[in-house]
Amino acid sequence: MSRGAPGAGPPGPLGALDRVVGALAFAGAALGAVVVLVTLACVAYSVVLRYVFATPVTWTDELSGYLVVAIVMLGAAESLRRGDHISVDLLTAGARGRTRLGLEVWAMVCAALVAGAIVYSAVLMVRFSYDFGIYSEGYLEMPMWIPQSVLLAGAALLGLAAIVRVLALLVRARP
Amino acid sequence: MTVAIILLFLVALLLTGAPIFAGLGLASLVIMLLTEGNVNSVADTVFAKLNNEALTAIPMFAFMAHVMVRSRVVDDLYDAANAVVGHLRGGLGVATVLSCTVFAAISGSSVATALTIGSSAIPQMQRFGYRPRDAYGVIAAGGTLGILIPPSGPLILYAIVTESSIGALFLAGMLPGLLMALIFAAWCMASAWWRGDVRSARWVGLRAAGKALGRSTWALLMPPIVLGGIYLGVFTASEAAAVGCVYALAVGALAYRNFGWRDLWETAFETVRTTAMLFMILAAAAMFGHAITIIRVPAELVELVIAQGLTPLVFVLAVMAVIFVLGMFLETIAIILITTPIVFPALLELGIDPVWYGILLMVNLELALITPPVGMNLFVIKGIAQAPLAEVIRGALPYVVLMMLGLAAVLAFPPLALWLPAQAGFGR
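On a predicted model such as this, the values are computed, not experimentally measured, just so you know. The written sequence of each chain sets the order in which its residues are numbered from 1. A letter from A marks each chain and a number from 1 marks each ligand, given out in the order of writing. Per-residue local features are limited, in this predicted model, to residues with pLDDT of at least 70; the limit for side-chain atom pairs, both in listing and counting, is 80 or more; totals at the level of whole chains, interfaces and linings are taken over all residues. Side-chain numbers here rest on the full set of heavy atoms in the structure, without hydrogens or water.

What follows deals with the overall build of chain B. Helix and strand definitions follow DSSP, with helices as H or I runs of at least four residues and strands as E runs of at least two, each counted in order from the N terminus. Each helix and strand counted, chain B has 21 helices and 0 strands in total. With the radius of gyration taken over C-alpha atoms, the globule rule is written as 2.2 Å times the number of residues to the power 0.38. At 22 Å, chain B has a C-alpha radius of gyration in line with the 22 Å of a compact globule built from 428 residues. Considering only C-alpha atoms, chain B reaches an extent of 70 × 50 × 45 Å along its principal axes. Looking at chain B as a whole, 60% of its 428 residues are labelled buried. Of the contacts formed within chain B by residues at least 6 apart in sequence, a portion of 80% connects residues at least 24 apart. Just so you have it, chain B exposes about 15,500 Å², and 67% of that area is on carbon and sulfur atoms. The convention is simple: Lys and Arg are positive, Asp and Glu are negative, and His and the chain ends are not counted. Each charge is placed at NZ for Lys, CZ for Arg, CG for Asp and CD for Glu. Seen as two clouds, the 20 positive and the 20 negative side-chain charges of chain B have centres 17 Å apart. In this scheme, a residue with accessible area under 20% of its type's maximum is buried, one over 50% is exposed, and one in between is partly exposed, where area comes from a 1.4 Å probe on protein chains only. Throughout, a contact is declared for two residues whenever any of their heavy atoms are within 4.5 Å. Using a 1.4 Å probe, accessible areas were evaluated by the Shrake-Rupley method; residue-level cover was limited to the displayed protein chains.

In structure tokens form, the structure reads like this:
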């Protein structure tokens, strides 16, 4: 198991792109951190109202679900850039040179493909929810395209981060 | 047959070193493309899995443990345990197990437990004549209690995947967790007696022991606050986690006075990273669950079990054997999320209690944490002690056997896991 370290930024226009994506990923995770605190406040608030004032809150459960989606998807790209996503490096830890580069590229291509599939299907999902005006069945009557868009945005950012990493690896490897 | 092919394909993909969420997700995409011809349902599947209020318990328990560690509330735990039991034969080992047990009831992570207790216990044990490998072994093993003794991140994920009660699973993990702790402690005492060359700490006297315990009061109060509410049926797991967070923040900021706004921010940021890492695997596992259902893997397994006339015990033994082997190579969360959707329908068909199975799974995953070549806790200890991996592995080996004893005990006496939740009124 390992957590890969992010490399130094590449030069030139790719470097600029890398910095932009990096800033977006960081902003996403920072927003996610705020969402963590909001979630905590939200559940704590409902505990106090339910057990101290005996007036259960009806909307916190539903909201918490959307907040979980937000925490994960907003943090995914930053986690990728920081090499937090765990992997099994039993066979690959010893790889050097071109093999190592190939494996790193492959890992990021996998991540980009999965993120891409989520983005593609999330576009269909959000468009459907928006066009047909799908609302949640809970107390909030949330227009579903809103929380679903967070999934879309987070996956897009994750995919972008993975692609930029692939490009950076390839550029760095060029003699 | 299909199960074997899919598992092999998946393990091969994961062994390429791709992030687990990416490997698992890609395998699922391939299956979906081969069968349905499109991946249109991916986002729906992922959204439905993540949009779950019960999942908030994991970031909140993680946040709570981060706060307790960062504000140094848990730093005195090992010293307190040492003051109380350190004078026994093998007492420093027993103190390590004891402090791991308490920390496990604060944190839901085995790695965090080994990391936190290990950094204070390893130097101390070596000073008292323990062979390095023995010190490594007891921390590797004691640390694994983190996922069995509630709260436990992996147990929550298991509960989410199987739609079981988190509260019931938490309570079910308690007695087996304490039993394992007792077994480890007994082993520490027996091996110290047998080897004869490890020293014990001096008995510090009742007053000093009381004082040492007093320094850890705030940490020691945490488990009853968090678990008490669940036991009494008052709180759900996420409510208990929120209460625990508020308590941890209050203790850190007001009693210890070393948790400020900056710490709050960094803790929240750390929590996002941990949560994103864990739940991306959950998202990929949702895709995987969907994919294997399309190709009817779980259903075929049910048919196979019926056709072969397997008894529940034989089936559970077979599954445990497979998981033990997977545990040598894969990481615990991945194992839970990959195997559970495959075997769960068969478990229900055979009338096996999901809570009991969940605890068996957890004990088996504790083994996974210390079985080479891939065992998270082995790596953690290698890291903090700067020790050769082979030495850590050798130290952990006796505990592999002891944990198998624990696994056998839960297998042979299901009430060990099921009695407590039944007492608390969790039933079906």
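Continuing now.
Check the secondary structure of chain A and you find 4 helices and 0 strands. Secondary structure of chain A in N-to-C order comes out as α-α-α-α. Since a compact globule built from 175 residues should have a radius of gyration of about 16 Å, the 20 Å found for chain A marks it as more spread out than a globular shape. For chain A, the spread of C-alpha atoms along the three principal axes comes to 65 × 40 × 30 Å. Relative to its full complement of 175 residues, chain A shows a buried share of 49%.

Residues and elements named next belong to chain B. By the burial criterion, the buried members of helix H21 (residues 415-423) are Ala417, Leu420 and Pro421. With its buried residues spanning 95° around the axis, H21 presents them on a single face. The secondary structure elements touched by the buried residues of H21 are helix H10 (166-195), helix H12 (217-231), helix H18 (354-370) and helix H20 (389-412). The directions from the helix axis to the C-beta atoms are what the arc is built from.

Attention shifts here to the packing of aromatic side chains. A pair of aromatic rings is counted whenever rings of Phe, Tyr or Trp (Trp by its six-membered ring) have centres within 6.5 Å, and the orientation is called stacked for planes under 30 degrees apart, edge-to-face for over 60 and tilted otherwise. Within this structure, the stated rule accounts for 10 aromatic pairs over all chains. Judged by centre distance (5.3 Å) and plane angle (35°), the ring pair of A:Phe26 and B:Phe269 falls under tilted. In this pair, A:Phe26 sits in helix H1 (residues 12-52) while B:Phe269 sits in helix H14 (residues 261-294), so the two residues belong to two different chains. For B:Phe269, a relative accessible area of 8% corresponds to the buried category.

Right, let's talk about the side chain of B:Thr56 for a bit. Within the element layout of this structure, B:Thr56 appears in the loop between helix H3 (42-50) and helix H4 (57-70). On the basis of relative accessibility, which here comes to 1%, the residue B:Thr56 falls in the buried class. Sequence-distant contacts of B:Thr56, defined by excluding residues within four places in its chain, comprise A:Thr39, A:Ser64, A:Val68 and B:Ser238.

Turning next to the packing of H10(B) against H20(B). Two packed helices can be described by the angle between their axes and the distance between those axes. Residues and elements named next belong to chain B. The convention used is that axes are lines fitted to C-alpha atoms, helices contributing only their stretch in contact, and that angles between N-to-C directions extend from 0 to 180 degrees. Where H10 contacts H20, the axes come no closer than 10 Å and their chain directions differ by 145°. For the pair H10 and H20, the crossing hand works out as right-handed. Where H10 abuts H20, its residues Pro176, Leu179, Met180, Ile183, Phe184, Trp187 and Cys188 lie against Pro398, Tyr399, Leu402, Met403, Gly406, Ala409 and Val410. Split by residue class, the contact of H10 with H20 holds 13 nonpolar, 1 polar and no charged. By convention the crossing between two helices is left-handed if the near helix lies anticlockwise of the far one by an angle smaller than a right angle, and right-handed if it lies clockwise. Classification used: nonpolar for Ala, Val, Leu, Ile, Met, Phe, Trp, Tyr, Cys and Pro, charged for Asp, Glu, Lys and Arg, polar for all others including Gly.

Turning our attention to H3(B). What H3(B) keeps buried is the set B:Val42, B:Ala43, B:Thr45, B:Val46, B:Phe47 and B:Leu50. Check the buried side of H3(B) and you find it contacts helix H2 (60-81), helix H3 (97-131) and helix H4 (145-173) of chain A together with helix H2 (20-35) and H14 of chain B.

Each side of the interface is counted separately: chain B has 58 residues, and chain A has 60 residues. The term buried area means the drop in 1.4 Å probe accessible area that two parts suffer when joined, counted for both and summed. For the pair chain B and chain A, the two sides together bury roughly 5,100 Å², of which 81% comes from carbon and sulfur. Definition used for salt bridges: Asp or Glu carboxyl oxygen within 4 Å of a side-chain nitrogen of Lys or Arg. On inspection of chain B and its partner chain A, the count reaches 2 salt bridges. Between B:Glu239 and A:Arg50 there is a salt bridge, and its shortest N-O distance comes to 2.8 Å. Here a polar contact is taken to be a pair of N or O atoms separated by no more than 3.5 Å, where protein atoms must pair a possible hydrogen donor with a possible acceptor and residues adjacent in sequence count only if both atoms sit in side chains. The interface formed by chain B and chain A includes 9 residue pairs in polar contact (both at pLDDT 80 or more). Among the secondary structure elements, those contributing two or more residues to the side of chain B that touches chain A are helix H1 (2-15), H2, H3, H4, helix H13 (237-255), H14 and helix H19 (376-385) of chain B. Here the side of chain B that touches chain A takes 14 residues from H14(B), the largest share from any one element.

To continue, consider unusual backbone geometry. Residue and element names in this part refer to chain B. Residue Pro150 is joined to Pro151 through a cis peptide bond whose omega torsion reads -5°. The topology assignment puts Pro151 in the loop between helix H8 (132-148) and helix H9 (153-162). Of note, the bond from Pro372 into Pro373 is cis; its omega dihedral lies within 30 degrees of zero at 0°. Along the chain, the position of Pro373 falls in the loop between H18 and H19. With a phi close to 60°, Arg296 is a non-glycine residue in the positive phi region.

Let us now look at the side chain of B:Asn82. Here B:Asn82 shows up in helix H5 (residues 77-85). Residues within four places of B:Asn82 in sequence aside, it is in contact with B:His87, B:Leu92, B:Ala95, B:Gln124 and B:Ala201.

Here we take up the packing of H5(B) against helix H6 (residues 91-104) of chain B. Residues and elements named next belong to chain B. Running from amino to carboxyl end, H5 crosses H6 at an angle of 135°, the nearest separation of the two axes being 8 Å. Classified by the angle between their axes, H5 and H6 sit oblique to one another. Two packed elements cross with a definite hand, and for H5 against H6 that hand is right-handed. Touching Leu77, Tyr78, Ala81, Asn82 and Val85 of H5 are Gly91, Leu92, Val94, Ala95, Thr96, Leu98, Ser99, Val102 and Phe103, all from H6. Looking at the contact of H5 with H6 residue by residue, the class counts come to 10 nonpolar, 4 polar and no charged. Relative orientations are named as follows: roughly parallel for angles under 35 degrees, roughly antiparallel for angles over 145 degrees, roughly perpendicular for angles from 65 to 115 degrees, and oblique for any other angle.

Here the focus is the environment of B:Ala81. Residues and elements named next belong to chain B. Within the fold, Ala81 resides in helix H5. In sequence terms Ala81 and Cys100 are 19 residues apart; their C-alpha atoms lie 9.7 Å from each other. If sequence neighbours within four positions are ignored, Ala81 has contacts with Gly86, Ala95, Leu98 and Ser99.

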